[in-house]
Amino acid sequence: MADVAVGKDKCGEQRLVSLPLSRIRVIMKSSPEVSSINQEALVLTAKATELFVQYLATYSYRHGSGKERKALTYSDLANTAEESETFQFLADILPKKILASKYLKMLKEKRKDDEANAGDESGDDEAES
């Protein structure tokens, strides 16, 4: 298991994981169901998280516009979350960016639709009476 080491700590020794274990412990303990966390579970969770992030980034880079620009952007990640069935659960966490003006326009249209639907419903109630 030691041959999987990536990165080095402050003393120059090799580490099994790159993510800070203290942060992962805090996140895990924030769940009310978790009372204690053993060290092996903590390290495995950290390693699994690193592998997941690496897979997400690689997939987004390969299937996005990153290859042409040789860069991975937020929009590549958001497109992956929206279009890939595997990463669909991230769609709320990685929404596509839109301009504020487009968002305001969408809100106006939604309000108009809601008002029109409310008017239709009240008109139906009067017709039934």
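Cut-offs used in this document
- Residues numbered from 1 in each chain as written.
- Predicted model: local features only at pLDDT ≥ 70, side-chain atom pairs only at ≥ 80, totals over all residues.
- Heavy atoms only, no water.
- Salt bridge = Lys/Arg side-chain N within 4 Å of Asp/Glu carboxyl O.
- Helix = DSSP H or I, 4+ residues; strand = E, 2+ residues; numbered from the N terminus.
- Buried < 20%, exposed > 50% of the residue type's maximum accessible area, 1.4 Å probe, protein only.
- Contact = heavy atoms within 4.5 Å.

A. Representation of the pattern of salt bridges within the structure. Counted by the stated rule, this structure contains three salt bridges. A salt bridge links Glu 82 to Lys 96; the nearest nitrogen and oxygen atoms lie 3.7 Å apart. Of this pair, Glu 82 sits in helix H4 (residues 74-83) while Lys 96 sits in the loop between H4 and helix H5 (100-128), placing them 14 residues apart in sequence. Close ionic contact of Lys 110 with Asp 114 constitutes a salt bridge, the shortest N to O distance being 3.5 Å. Of this pair, Lys 110 and Asp 114 both sit in helix H5, four residues apart, which is roughly one turn of the helix.

B. How the structure looks around the side chain of Asp 76. Mapped onto the elements, Asp 76 comes out in helix H4. Classification of Asp 76 by relative accessible area gives buried; the value is 2%. In this view, Asp 76 contacts Ser 60, Gly 64, Ser 65, Gly 66, Arg 69 and Ala 71; residues no more than four positions away in its chain are not counted.

These figures capture arrangement, not role.
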